[in-house]
Amino acid sequence: MRLTLFSRLFLGYLGIFILIIAVSVYAVIELRRFNDITRSVLEGDTRVLDYQKKLTDALLSEIRYERRFLITRDDALYDQFLLFKSDFDLYIEEAMALADARASGFLSQVKDHHQRYQDLVDQEVKYMKAGRSYPYDRYRQGKGRVADLIIAELEKLSSYSQQNTYGKIRKLAEAGSNARRAAMAITGASLIFVIVLSLFITRSITQPISILKMKTREIAKGHFESDVNLSSPPEIAELASAFNSMSQKLKDLDRMKSDFFSSMSHELRTPLTSIKEGAGLLLEGVGGALTEKQRRLLTILAEESERLIGLVNSLLDLSKMEAGMMVYNFEPTSLAPLVNRAMIEIGPLVEAKKIRLDSRIAEELPVITVDSERLLQALRNLIGNAVKFTPDGGQVTISARQRDRAVEVSVADTGPGIPAENLATIFDKFQQAASAGSYRIQGTGLGLAIVKHIITSHGGKVWAESQAGQGSTFIFVLPA
Ligand code: ADP
């Protein structure tokens, strides 16, 4: 049976709760046992000991008054004797009610001996009251012996009660240390149980989550094949099955996107190239001589189709990059030839605008691992923008230098600059700065977004520095 997360947590807490209750019940039982022993010491043995003392005192008083009475024949003394005798009898009864079997044995011996003592005193009193002589010394010795026997029995009772008390205290101490050991064992076992239980519950929750996390990362990297197979707990199993259908959907979408890109490249680029080529051929006079008006129209056609091809290319490139489908071909490359190539390509526009284009490439730049085609595309976009936005007669400077373990490339121009509030956003697609001054230059707003994708895909960083009216500098760094 697969337990749900709720049941696992519930049962776990219930287990811990039961454990706590069990430990508490054990503690209460032990405490009650201590209580019983303590009570039996206080209410039993200690009180028996008290009676032992009272009985001894009562007996000694009896003997004292009986002797005095026999000598003085004062009835008041005999009454005192009787008083102590009845005290003695009362104490015996009370003590027997508290005593255990053994102590009762001693007490009944005491009772018998006391009866014998009493009989002897009664006989003596009878003799005395009848005025008859009797063997006084024999009676005195007899009473002495019986009294000794009573005292001896009472002492036996006292030492028995004391031993009993010590025994119980020893038992209490033993029970205390047993309880301590048991409590420690129970606490240790409970701790282990709680740790194991928590580990088990936590693992049963975190393990499937970390599998899902791993699979999600794989999906983020574009591996949609991953099939998560988790059957427990049921909530996670449901999540896994939803996850699987999501990755299946993503896989389908991904395939649709690839199909879209390949068909779009073909469907858009091919006819546009044909239009451009056709216009070019017509302009070259392949279709016969052209009137001035025809030539002008064909030139516009050729330029616009060129612009459209550029736009389609940029759009497709950016979509591919955003979809993570751009394939980069990283190779160790030197930067200088790439910069030179980009400068040569922009040459005609530079000449037309009479712009001074300088390059300051540091010697012995480290070789960098890049996709040279893509890096050239980024350079083209940055240098192209700089030339595009710089007014005629201005200056564009391309610099490259090593900086720590990176290569830093900057493209500076003397154009209108970029307002501070636009510096961060111009790298977003379709974002164009409200260029300072009266410049309103046509563009797509895609170039810098492509640059940012290319540079970040190389593990680098790109940004712009500018002050409106004082030119702009675009800088990127690439790890060397
Ligand atoms: P586009 O140039 O096609 O509009 P970009 O993404 O290349 O698209 O540039 C976005 C915007 O950034 C431009 O429209 C412009 O406002 C600003 N920009 C880029 N380069 C420069 C530059 N060198 N000088 C001034 N503004 C620039």
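Please refer to the structure higher up on the page.
All values derive from a computational prediction rather than experimental measurement. Residue positions are given per chain, counting from 1 as you read along its sequence in written order. Residue-level local features of this predicted model are given only where pLDDT is at least 70; pairs of side-chain atoms are given and counted only at 80 or more, and the full residue set underlies all totals for whole chains, interfaces and linings. The basis for the side-chain values is all heavy atoms of the structure; hydrogens and waters are excluded.

(A) Molecular detail of the overall build of the protein. Under the scheme used here, helices are H or I runs from DSSP no shorter than 4 residues and strands are E runs no shorter than 2 residues, and both carry numbers assigned from the N terminus. A count of helices and strands for the protein gives nine helices and seven strands. Radius of gyration (C-alpha) of the protein: 57 Å, far over the 23 Å computed for a compact globule of 480 residues. The principal-axis extent of the C-alpha atoms belonging to the protein is close to 185 × 50 × 40 Å. Across the 480 residues of the protein, 36% fall into the buried class. Note on definitions: a residue-residue contact is assigned when non-hydrogen atoms from the two residues lie within 4.5 Å. Looking at the protein alone, contacts between residues at least 24 apart form 71% of all its contacts between residues at least 6 apart. Accessibility throughout is a Shrake-Rupley quantity obtained with a 1.4 Å probe, and a residue counts as covered only by protein chains that appear here. Entry remark: accessible area of the protein is about 28,600 Å², with carbon and sulfur atoms responsible for 57%. The charge count includes Lys and Arg as positive and Asp and Glu as negative, but it does not include His or the ends of the chains. Throughout, a charge is located at the NZ atom of Lys, the CZ atom of Arg, the CG atom of Asp or the CD atom of Glu. Distance between charge centres in the protein, computed from 60 positive and 57 negative side chains, equals 3 Å. Radius of gyration: over C-alpha atoms. The globule rule applied is 2.2 Å multiplied by the number of residues raised to the 0.38 power. Residue exposure (1.4 Å probe, protein chains only): buried if accessible area is under 20% of the type maximum, exposed if over 50%, otherwise partly exposed.

(B) Inspection of the side chain of Gln118 at higher detail. Mapping Gln118 onto the fold places it in helix α3 (residues 101-129). With relative accessibility at 3%, the residue Gln118 sits in the buried group. When near neighbours in sequence (up to four residues on either side) are disregarded, Gln118 contacts Glu62, Phe81 and Lys85.

(C) Representation of the packing of aromatic side chains in the model. Aromatic rings from Phe, Tyr and Trp, with only the six-membered ring used for Trp, were paired whenever their centres fell within 6.5 Å, and each pair was classed as stacked if the ring planes differed by under 30 degrees, edge-to-face if by over 60, and tilted otherwise. Tallied over the entire structure, the rule returns twelve aromatic pairs. Taken together, a centroid distance of 5.8 Å and an interplanar angle of 25 degrees make the contact between Tyr78 and Phe81 stacked. Of this pair, Tyr78 and Phe81 both sit in helix α2 (residues 75-98), separated by three residues, roughly a single helical turn. One exposure class covers both Tyr78 and Phe81, and it is buried. Taking the centre distance of 5.8 Å and the plane angle of 25 degrees together, the rings of Tyr328 and Phe330 count as stacked. Taken together, the ring pairs in this structure connect Tyr127, Tyr134, Tyr136 and Tyr139 into an aromatic cluster.

(D) Inspection of the environment of Thr397 at higher detail. Within the secondary structure layout, Thr397 lies in strand β4 (residues 395-403). A C-alpha to C-alpha distance of 5.8 Å links Thr397 and Leu357, two positions 40 residues apart in sequence. In contact with Thr397, other than residues within four places in its own chain, are Asp358, Arg360, Ser410, Val411 and Ala412. Side chain to side chain, Thr397 and Gln395 meet in a polar contact 3.4 Å long. Between N or O atoms, a polar contact is any pair within 3.5 Å; within protein, one atom must be a potential hydrogen donor and the other a potential acceptor, and residues adjacent in sequence are included only when both atoms are from side chains.

(E) The arrangement of the sheet that holds β4 in detail. Across the sheet, which stays open at both edges, the five strands sit in the order β2-β4-β5-β7-β6 with mixed pairing between neighbours. Strands at the two margins of the open sheet, each flanked by one partner only, are β2 (356-361) and β6 (461-466). Strand-to-strand twist of the sheet, defined as the mean angle between neighbouring strand axes without regard to direction, takes the value 15 degrees. Two strands are counted as paired when DSSP detects at least two bridges linking them. Of the strand pairs in this sheet, β4 and strand β5 (residues 406-413) are connected by eight bridges, and their pairing is antiparallel. Across the sheet, the residue bridging to Gln402 is Val407, located in β5. Sheet strands touched by helix α7 (residues 335-352): β2, β4 and β5. Its angle to β2, the strand with the most contacts, is close to 175 degrees. Fitted lines through C-alpha atoms serve as axes, helices being fitted only where they are in contact, and the angles separating the N-to-C directions of these axes extend from 0 to 180 degrees.

(F) Representation of a nonpolar patch on the surface in the model. Judged by side-chain polarity, Phe6, Phe10, Leu11, Leu14, Phe17, Ile18, Ile21, Val25 and Ile29 come together as a nonpolar surface patch covering roughly 900 Å² of accessible area. Along the chain, the position of Phe17 falls in helix α1 (residues 5-72). Exposure above 30% relative accessible area and the absence of a salt bridge qualify a residue for a patch, where like charges join within 9 Å and nonpolar side chains (Val, Leu, Ile, Met, Phe, Trp, Tyr) within 5 Å. Here a salt bridge means any side-chain nitrogen of Lys or Arg lying within 4 Å of a carboxyl oxygen belonging to Asp or Glu.

(G) The arrangement of helix α8 (residues 372-389) in detail. In a regular helix each residue adds 1.5 Å, so 18 residues correspond to 26 Å; α8 covers 25 Å between its end C-alpha atoms and thus fits that length. Most of α8 is tucked away: 13 of the 18 residues are buried. Its side-chain oxygen placed 3.1 Å from the backbone nitrogen of Glu373, Asp371 serves as the N-cap of α8. Each residue after the first adds 1.5 Å to the expected span of a helix.

(H) A look at the site of the ligand. Close to the ligand lie 20 residues, the nearest being Asn385, Gln432, Ala433, Thr444 and Leu448. At 3.1 Å, a backbone N or O of Gly445 approaches an oxygen atom of the ligand. In the environment of the ligand, an oxygen atom lies 2.8 Å from a nitrogen or oxygen atom belonging to the backbone of Leu448. When the ligand is considered free in solution it has 520 Å² of accessible area, and contact with the protein chains removes 97% of it. Here the ligand is seated within the largest pocket. The element that contributes the greatest number of residues to the shell around the ligand is α8, accounting for four residues. To be near a molecule or strand, a residue needs just one of its heavy atoms within 4 Å of it. In this analysis the probe radius is 1.4 Å and the grid spacing 1 Å, with only protein atoms considered; a cavity is a set of points the probe fits into but cannot get out of, a pocket is an open set with protein on both sides within 12 Å along at least five of seven lines, and lining residues have an atom within 4 Å of a point. Throughout, a molecule is located in a cavity or pocket provided that more than half of its atoms lie within 2 Å of its grid points.

(I) Structural view of the pattern of salt bridges. Taken as a whole, this structure holds 18 salt bridges when the rule is applied. Of the charged contacts in the structure, one is a salt bridge between Glu66 and Lys143, with a shortest N-O distance of 2.2 Å. Taken together, the residues Glu66 in helix α1 and Lys143 in helix α4 (residues 136-220) connect sequence positions 77 residues apart. By the burial criterion, Glu66 is buried, and Lys143 matches it. Of the charged contacts, one joins Lys276 and Glu306 as a salt bridge, the two residues approaching to 3.3 Å between their closest N and O atoms. Residue Lys276 is located in helix α5 (residues 234-283), and its partner Glu306 is located in helix α6 (residues 292-322); the two are separated by 30 residues in the primary sequence. One connected set of salt bridges, linked through shared partners, spans Arg341, Glu345, Glu373 and Arg380.

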